[in-house]
Amino acid sequence: MDGHFRAHVDETLAGIEDAGLTKRERVLTTPQSASIGVATADAPVLNFCANNYLGLADHPDVVAAAHAGLDAYGFGMASVRFICGTQTPHRQLERRLSEFLGTEDTILFSSCFDANGGVFEALFGAEDAIVSDELNHASLIDGIRLSKAARYRYRNADMTDLEAQLRAASGARFRVIVTDGVFSMDGAYAPLREICDLADAYGALVLVDDSHAVGFVGDGGRGTPELFGVADRVDIVTGTLGKALGGASGGYVSARAGTVELLRQRARPYLFSNSVAPAVVTGSLAALHLVASSSDARARLNANTALFRGLMDAAGFDLDPFGGGAAATGVVRPAGVPPHPITPVMFPGADGAREASAIAERMLSSGVYVIPFSFPVVPRGKARIRVQLSAGHSEQGVRACVDAFVAAASAE
Ligand SMILES: *Cc1c(COP(=O)(O)O)cnc(C)c1O
C-alpha cells in the first residue's frame, strides 16, 4: 500500500514538473520590502511582486506595535475565540475595521481564506443560490463548495451573463452575487455599480472579497465599494490583513451586526481554529491606523503606478490584458478611476510563455524581481509578467524596473 501510494505521489510530481508547472520558492533573507535580499542573488533586488501595496510590511510603527503587543499580551492564544481566545486588541481591531469600512461589525479569521471558507456555509443553505464570477479567488470557490446552496457561475465581469444566471436562480430563497473587488491576474476592478444595480433589480445580496483593494483603493482606502460609491449597497465584505494592511496574516468578514453575530455562532473556521496571534493583531491595528490617518502612501502608490504605466507604454510594451477588447468583457475602468497597481505586462501568442519567463529571469539577474504567469494560471496565449507597484518604491526604483524590462526584452 505504502509503495503504491509513494509511486503515485512521485508520478504526480513528475507530471507537474513535465508540464512546467512546478512552483519553486525563492528564499528571502530580509524583511519584506521594496528592496529585498534573496538567497540566490549576491546583491539586493528590487521587488515588484509582493502584495505590500503600501509598504507597511516592515514599517517601524507596525513593527513597534507588534513588539508592544507581544510584551503586553504574550506570544499565542492557545484557544479559539469563544473559549478563552478573545483579548482586548481582537475586539479593538474588529471595531476599528468596522469604523474604517463603514459597516456595523466585523469578525476576524486566521486568514481571508478561512473567512471565505466559513462565510457561505454559515449563512446560506440548500434553498439559496450563489452566483459567482468565474475568476473569483480559490478561497471563494472552495467556500461556496462547502455550502449546500445551488451554484451558478457567470463569465468574468459579464453583466449580461450575470443577469441570465440571476434569472436561472429565480426559485431560490436568497440569491447572492459573489465577486472579487479586483481580479488579481489582470488588475481589473469588478463593475460593482452594475453588479449592485442587478442585485437591486433581482432582490439579490452582494458579497465582495476586497483583499486586493482594502487599504489603498478608493480615496480613503476603503476599497472597491468606496471607489464605486456603493458601500451602502454591498451586504458583505471579506478581506485580508495579509496584503496592504501590514501583510502579516488574518482575514475578516464585515457586514451588518446580525450577519456577523450569526458567523460568530456558526462559521466553522472561527469556531474550530485558533485566535489570531496578539502581536499580529496589535501590528495590524497600527497598520490600519496608518492607512486611516493619511492618504500619502496611497498617493505615492498611484503616482508610482502611473509613472510605471506611462514609461512602459512609451517603451512599447503591451499593458492591456484584454487585447483592446475590454468593452466586450465588461471589464472597463470608469473615467477618473486610477489604474490598479497590479500591472500586467503582456506577452501574447504561442511563444509568450517562454518569452515572459526568459525576460523575468534576465531581469532578476539585473536586480529586478518580477514574476511571469502563463497557462493554466492565465488563459493560453495570454502570458504576462505581473508587476505590482508599491508605495515603498522610489521613483528611481520604478525607472530601474522599466529599464530592466527594456534591456531584457531587447535581448530576446
Ligand atoms: C490573497 C487573497 C485571499 C487570501 O487571503 P489570505 O488572508 O492570505 O488567506 C483571499 N481572497 C482574495 C481575493 C485574495 O486576493
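Residues numbered from 1 in each chain as written. Predicted model: local features only at pLDDT ≥ 70, side-chain atom pairs only at ≥ 80, totals over all residues. Heavy atoms only, no water.

If you had to explain the site of the ligand to someone new, which residues and values would you point to?
Taken together, 13 residues surround the ligand, and among them C112, F113, D209, T240 and K243 come closest. Measuring from an oxygen atom of the ligand, one finds a side-chain N or O atom of T240 at 2.6 Å. Contact between the ligand and K243: an oxygen atom at 2.6 Å from a side-chain N or O atom of the residue. Contact with the protein chains covers 82% of the free accessible surface of the ligand, which is 380 Å². Cavity membership is defined here by more than half of the atoms lying within 2 Å of grid points; on that basis the ligand lies in the second largest pocket. (Near = heavy atom within 4 Å. Polar contact = N/O pair within 3.5 Å; in protein donor to acceptor, adjacent residues only side chain to side chain. Areas by Shrake-Rupley, 256 points an atom, 1.4 Å probe, with all protein chains shown as cover. 1 Å grid on protein atoms, 1.4 Å probe; cavity = no way out; pocket = protein on both sides within 12 Å on 5 of 7 lines; lining within 4 Å. Sits in = over half its atoms within 2 Å of the grid points.)

Give a description of the environment of N302 that names residues and reports values.
Tracing the sequence through the fold places N302 in helix α13 (residues 296-314). Residue class for N302 comes out partly exposed when judged on its relative accessible area of 29%. (Helix = DSSP H or I, 4+ residues; strand = E, 2+ residues; numbered from the N terminus. Buried < 20%, exposed > 50% of the residue type's maximum accessible area, 1.4 Å probe, protein only.)

Tell me what's going on with the packing of α13 against helix α16 (residues 395-410), and back it up with residues and numbers.
Running from N to C, α13 and α16 point in directions that differ by 25°, and their axes come no closer than 10 Å. Relative to α16, the element α13 lies roughly parallel. The handedness of the crossing between α13 and α16 is right-handed. Of α16, the residues touching α13 (which contributes N304, L307, F308, L311 and M312) are E395, V398, R399, C401, V402 and F405. (Axes fitted to C-alpha atoms, helices over the stretch in contact; angles between N-to-C directions. Parallel < 35°, antiparallel > 145°, perpendicular 65-115°, else oblique. Left-handed = near helix turned anticlockwise from the far one by under 90°. Contact = heavy atoms within 4.5 Å.)

Describe the domain arrangement of the protein, with residues and values.
Split by domain assignment, the protein resolves into domain 1 (20-49 + 295-410) and domain 2 (60-293). Centre-to-centre, using C-alpha coordinates, domain 1 lies 27 Å away from domain 2. Residue-level contacts link 23 residues of domain 1 with 22 residues of domain 2. On inspection of domain 1 and its partner domain 2, the count reaches one salt bridge. For D186, the salt bridge goes to R384, with nearest N and O atoms at 2.6 Å. The interface formed by domain 1 and domain 2 holds eight residue pairs in polar contact (both at pLDDT 80 or more) in total. Here the side of domain 1 that touches domain 2 takes three residues from strand β15 (residues 384-388), the largest share from any one element. (Domains from an automatic or database assignment. Salt bridge = Lys/Arg side-chain N within 4 Å of Asp/Glu carboxyl O.)

Give me the packing of aromatic side chains: which residues, what numbers.
Within the structure shown, the criterion is met by five aromatic pairs. Through pairs of rings, three or more aromatic residues link up here, namely F308, F317 and F405. Positioned over the ring face of F375 is R380, at 3.9 Å from the centre of the ring. (Phe/Tyr/Trp six-rings, centres within 6.5 Å; stacked < 30°, edge-to-face > 60°. Lys NZ or Arg CZ within 6 Å of the ring centre and 35° of its normal.)

Describe the side chain of D161, and please don't skip the residues or the numbers.
The residue D161 is located in helix α7 (residues 159-168) in this model. Given the relative accessible area of 11%, D161 is considered buried. When near neighbours in sequence (up to four residues on either side) are disregarded, D161 contacts R153, Y154 and R155.

Summarise the layout of surface pockets; cite the residues concerned and give the values.
Here the largest pocket defines a volume of roughly 1500 Å³. In this structure, the largest pocket is lined by 36 residues; those nearest its centre are T22, K23, R24, I371 and P372. Listed by contribution, the elements that provide at least two residues to the lining of the largest pocket are α15 (352-365), β14 (371-373) and β15. The greatest single-element share of the lining of the largest pocket, amounting to six residues, is contributed by α15. Of the residues that constitute the lining of the largest pocket, the class distribution is 21 nonpolar, nine polar and six charged. Together, 35 residues line the second largest pocket, and L135, F183, S184, M185 and V377 are the ones closest to its centre. For the lining of the second largest pocket, the elements supplying multiple residues, two or more each, are α5 (112-123), α6 (138-146), β7 (182-183) and β15. Taken together, the residues of the lining of the second largest pocket break down into 15 nonpolar, 10 polar and 10 charged. (Points joined across faces, edges and corners; volume = space filled by probe spheres on them. Nonpolar A, V, L, I, M, F, W, Y, C, P; charged D, E, K, R; others polar.)

Describe empty space enclosed by the protein, and please don't skip the residues or the numbers.
Evaluated as defined, the whole model comprises two cavities of 30 Å³ or more. Taken together, R81, H90, L108, F109, S110, P269, Y270, S273, N274, S275 and V276 form the lining of the largest cavity. Those elements that place two or more of their residues in the lining of the largest cavity are β3 (105-109) and α11 (268-271). As a volume, the second largest cavity reaches approximately 40 Å³.

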